[in-house]
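# Structural features, examined
Here is what each chain is made of, one letter per residue.
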Amino acid sequence: MSETEWSNLSTEERRFPPPPELAAQANVTEETYRVAAQDPEAFWAEQAKRLSWGTPPTETLDWTNPPFAKWFADGTLNAAYNCLDRHVEAGHGDRVAFHFEGEPGDTRAVTYAELTREVCRAANALTTLGVQAGDRVAIYLPMVPEAVVAMLACARLGAVHVVVFGGFSADALSTRILDCDVRVVITADGGYRRGSASALKPAVDTALEKCPDVRTVLVVRRTGQETAMTEGRDLWWHEALAAEADEHTPQMFPAEHPLYVMYTSGSTGKPKGILHTTGGYLVGTSWTHWASFDLKPETDVFWTAADIGWVTGHSYLVYGPLVNGATSVMYEGTPDTPHKGRWWEIVQKYGVTILYCAPTAIRTFMKWGEQIPAEYDLSSLRILGSVGEPINPEAYVWYRTHIGGDRTPVVDTWWQTETGMHMIAPMPGVTAGKPGAAMRPVPGVSIDVVDDEARPVADGHAGLLVITKPWPSMLRTLWGDDQRFVDTYWSRFEGLYFAGDGAKKDADGDLWLLGRVDDVMNVSGHRMSTTEIESSLVSHPKVAEAAVVGAKDETTGQAIVAFVILRGEAAEQAGEDVVAELREHVARDIGKIARPRQIMVVPELPKTRSGKIMRRLLRDIAEDRELGDVTTLTDSSVMDLIKDKLPSAP
Ligand code: ATP
Ligand code: MG
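Conventions used here
Residues numbered from 1 in each chain as written. Chains lettered and ligands numbered in written order. Predicted model: local features only at pLDDT ≥ 70, side-chain atom pairs only at ≥ 80, totals over all residues. Heavy atoms only, no water. Helix = DSSP H or I, 4+ residues; strand = E, 2+ residues; numbered from the N terminus. Buried < 20%, exposed > 50% of the residue type's maximum accessible area, 1.4 Å probe, protein only. Axes fitted to C-alpha atoms, helices over the stretch in contact; angles between N-to-C directions. Parallel < 35°, antiparallel > 145°, perpendicular 65-115°, else oblique. Contact = heavy atoms within 4.5 Å. Nonpolar A, V, L, I, M, F, W, Y, C, P; charged D, E, K, R; others polar. Salt bridge = Lys/Arg side-chain N within 4 Å of Asp/Glu carboxyl O. UniProt positions renumbered as here; feature names shortened; annotations may be inferred. Polar contact = N/O pair within 3.5 Å; in protein donor to acceptor, adjacent residues only side chain to side chain. 1 Å grid on protein atoms, 1.4 Å probe; cavity = no way out; pocket = protein on both sides within 12 Å on 5 of 7 lines; lining within 4 Å. Points joined across faces, edges and corners; volume = space filled by probe spheres on them. Domains from an automatic or database assignment. Core = buried A, V, L, I, M, F, W, Y, C linked by side-chain atoms within 4.5 Å. Pairing = 2+ DSSP bridges. Buried area = accessible area lost by both parts, 1.4 Å probe.

## Observations regarding unusual backbone geometry
For the peptide bond that leads from Pro66 to Pro67, omega is 0 degrees, which places it in the cis range. Following Thr337, the chain continues into Pro338 via a peptide bond in cis, with omega recorded as 0 degrees. Tracing the sequence through the fold places Pro338 in the loop between strand S17 (327–331) and helix H13 (342–350). Non-glycine residue Asp624 carries a positive phi angle of around 60 degrees. Its location among the elements puts Asp624 in the loop between helix H20 (615–622) and helix H21 (637–645). Accessibility expressed as a relative area gives 61% for Asp624, which makes it exposed.

## Considerations on the packing of helix H11 (residues 279–292) against helix H12 (residues 311–323)
The contact between H11 and H12 brings their axes to 8 Å, and the two run at 90 degrees. With respect to each other, H11 and H12 are oriented roughly perpendicular. Of the residues in H12, those in contact with Tyr281, Leu282, Thr285, Ser286, Thr288 and His289 of H11 are His314, Ser315, Tyr316, Tyr319, Gly320, Pro321 and Val323. Of the residues contributing to the contact of H11 with H12, the split by class is six nonpolar, seven polar and no charged.

## Structural notes on the pattern of salt bridges
Evaluated as defined, the whole model comprises 48 salt bridges. Salt-bridge contacts for Glu623 lead to Lys552; the nearest nitrogen and oxygen are separated by 3.7 Å. Residue Glu623 is found in the loop between H20 and H21, and its partner Lys552 is found in strand S28 (residues 543–553); the two are separated by 71 residues along the sequence. On the basis of relative accessible area, Lys552 is assigned to the exposed category, the value being 62%. In the salt-bridge network here, residues are joined through shared partners; they are Arg363, Glu389, Asp519, Glu534, Glu545, Lys607, Arg615 and Arg619.

## Focus on the UniProt feature "binding site: ATP" (unreviewed entry) in the protein
Mapped onto this numbering, the UniProt entry annotates "binding site: ATP" (unreviewed entry) at Gly388, Glu389, Pro390, Asp412, Thr413, Trp414, Trp415, Gln416, Thr417, Asp501, Arg516 and Arg527. Across 140 residues in sequence, these annotated residues place their C-alpha atoms as far as 26.3 Å from one another, rather than forming a single compact spot. As for its placement among the helices and strands, Trp414 is situated in the loop between strand S20 (410–413) and strand S21 (447–450). Discounting residues that sit within four places of it in the chain, Trp414 has contacts with His422, Met423, Ile424, Ala438, Ile447, Leu465, Ala499, Asp501 and Leu513. Tracing the chain through its elements places Gln416 in the loop between S20 and S21. For Gln416, a relative accessible area of 11% puts it in the buried group.

## Describing helix H17 (residues 530–538)
Burial of H17 is extensive: nine of the nine residues sit out of reach of the surface. Along H17, the residues classified as buried are Thr530, Thr531, Glu532, Ile533, Glu534, Ser535, Ser536, Leu537 and Val538. Its side-chain oxygen placed 3.1 Å from the backbone nitrogen of Thr531, Ser529 serves as the N-cap of H17.

## With respect to the layout of surface pockets
Put simply, the largest pocket is a space of about 1300 Å³. When contributions to the lining of the largest pocket are tallied by element, the ones reaching two or more residues are strand S9 (190–193), strand S10 (196–199) and helix H14 (359–368). The element that contributes the greatest number of residues to the lining of the largest pocket is H14, accounting for six residues. Of the residues in the lining of the largest pocket, the class split is 24 nonpolar, 13 polar and eleven charged. Residues lining the lining of the largest pocket come from more than one domain, with at least three contributed by each of domain 1 (20–503) and domain 2 (524–644).

## Some details on the nonpolar core
With 140 residues, the main nonpolar core has Ile308, Tyr319, Leu322 and Met423 as its most contacted residues. Sorting elements by how many residues they give to this core places helix H7 (residues 145–157) first, with ten residues. Among all residues touching Ile308, those that are not within four sequence positions of it are Met143, Ala147, Val148, Met151, Val163, Gly313, His314, Leu317, Val318 and Met330. Judged by nonpolar contacts, the second largest core, of 31 residues, contains Ala361, Leu381, Leu384 and Trp398.

## As for the sheet that holds strand S24 (residues 497–505)
The strand order across the open sheet formed by four strands is S21-S22-S24-S25, and the pairing between neighbours is antiparallel. A strand with exactly one partner marks an edge of an open sheet, and here the two such strands are S21 and strand S25 (511–516). Neighbour-to-neighbour, the strand axes of the sheet open up by a mean angle of 45 degrees, direction not taken into account. Relative to S25, S24 runs antiparallel, the two sharing five bridges. The residue of S25 that forms the bridge with Asp501 is Arg516. Lying on the sheet, H17 is in contact with S24 and S25; it crosses S25 at an angle near 100 degrees.

## Re the domain arrangement of the protein
Each assigned domain of the protein is listed with its residue range as follows: domain 1 (20–503) and domain 2 (524–644). If you average the C-alpha positions of domain 1 and of domain 2, the two centres end up 30 Å apart. Counting residues at the interface gives 24 residues for domain 1 and 23 residues for domain 2. Taking both sides of the interface into account, the surface hidden between domain 1 and domain 2 amounts to around 2100 Å²; carbon and sulfur atoms contribute 52%. Its largest share of buried area at the contact with domain 2, domain 1 owes to Ser267, Arg363 and Lys367, together 23% of the area lost on that side. Across the domain 1-domain 2 interface, the total number found is three salt bridges. Across the contact surface, domain 1 and domain 2 share eleven residue pairs in polar contact (both at pLDDT 80 or more). Elements supplying a minimum of two residues to the side of domain 1 that touches domain 2: H14 and helix H15 (393–403). With four residues, H14 is the largest single contributor of residues to the side of domain 1 that touches domain 2.

Okay, structure coming up:
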């Protein structure tokens, strides 16, 4: 059965061409694609001029020892200087870098000049504490400006930051500290979440019981709650910084100097420690931030509504926007605190022009209803971005219509922690968007869809997504494990980066992501995409969210099992008839082969902290097994909630 064909089911006819005013002044045009395709390396060498180099690079790509790439290897630079000082020197010191909005309603506007001074103080404080280039520093903070300051202070010193999402447990923190041999941790007393102060420092204390080599903990005061401090180890951040000067001369580091390690979401298994280096990463993130969002740094107000603890926060809340001198919004809390219009209130208040968030958030807003955003003035928005999972066509159209006033392009960005930057995305001034499609590789990037023998599939067919040429912000290795790096990404196909996702080329050659290869179902010899069936379920008016998995089946090999969350009223009357209705809906919509064997109505779905559905845990349930690694779940009690609602397994 190795030559199994992918079933190619969905049909989507809607098209959204770019607004003419946007196209007329767009950063990226068809010409950009043409130039980039002609000579991708020359294209990236050109983009490297976006940065301020100590020594400008004369080399672009060194691929003599694949898959270990070097980009701009003979250049030197300082990441923090590129994000901060140079904008101040250019006369933009008074520009706001971040409009910070705390959950309780406290606000701070942090200018480039202020941010530069804070980062200098923090870099001096870290130096006093003995931090040197190459050392690893863990950052475990809520979404507060100090998180950015801490990251950039490390970058300024050439120290490698390891940001761990503030919602993770002590266990997840200690694993990462040990894996990276971290000696200094930056944390806070607590943060605000759902209307109350929640402590963070106790988790650090617990984690450090297993990490005897950590010598210093710097504690940011955010909530003011009682906090136990360990003598000789713990210091208050504000005290440490107050003792230091607000000037610091940045040292230039080689382009390949490590910038950070970030762990993947863990959707498919144990998280991997992705290593990014400096020059190529900054070129890739700043260029894509400018291109995909058609950024005009002088006038745009950009908002990545994602946590700093995942890669989207690194590339598009910190590095991309700051290298570009953009003004961003940073929001600490949840979308429904103190009310379900909080995001739209923020868009209205700051005049946000570009919003970037995940499909899971969009589906939540759909569930709450369009009357909520309708109460706010969202007319400042001109571009809407999406990241993290395939966006269901219904969610795409809802987003465009109810948030974007039916005028804003929706930019669906496919990428990974590993890729560092957007890899597939429409360009808002060029592409006629198709709901649910990520469209084309971004200029300068080479991607294909191949069959099991690495042969490119023809238009109209599906297969495995691969990246065919190195790109500047590619991961350099997995921290401390070159062999796992080679095995995971480079051994499935000779010379190709295997992304782990399935994709389809439509009749025009545009790309549709079909979900993870690990999640793909094989029903009677047909490969079925989780994404297509989930999107069909979500297109039914009674369904708010859906997750689909393949469970072992004696007759068909695997059978489709769906988990659905129903919308408002439907949820109250859930019964056998809803299930039958939904099974028929899918059969009618995409074909009998796609009709789920079983549909389970559940109150919640297991998600990672970045909002991705963890299908592997649902598969464990569908096949009645022990649950796998749950450390990156948003809320581990969700699994009990789901199990309680289920009939005993068939
Ligand atoms: P792990 O590798 O540990 O399982 P993860 O893959 O969830 O974790 P991330 O790097 O955060 O960790 O996620 C990247 C993955 O997210 C991609 O491989 C893809 O499956 C999915 N993804 C991200 N953006 C999109 C998108 N726009 N469309 C479709 N899928 C997306
Ligand atoms: Mg992954």
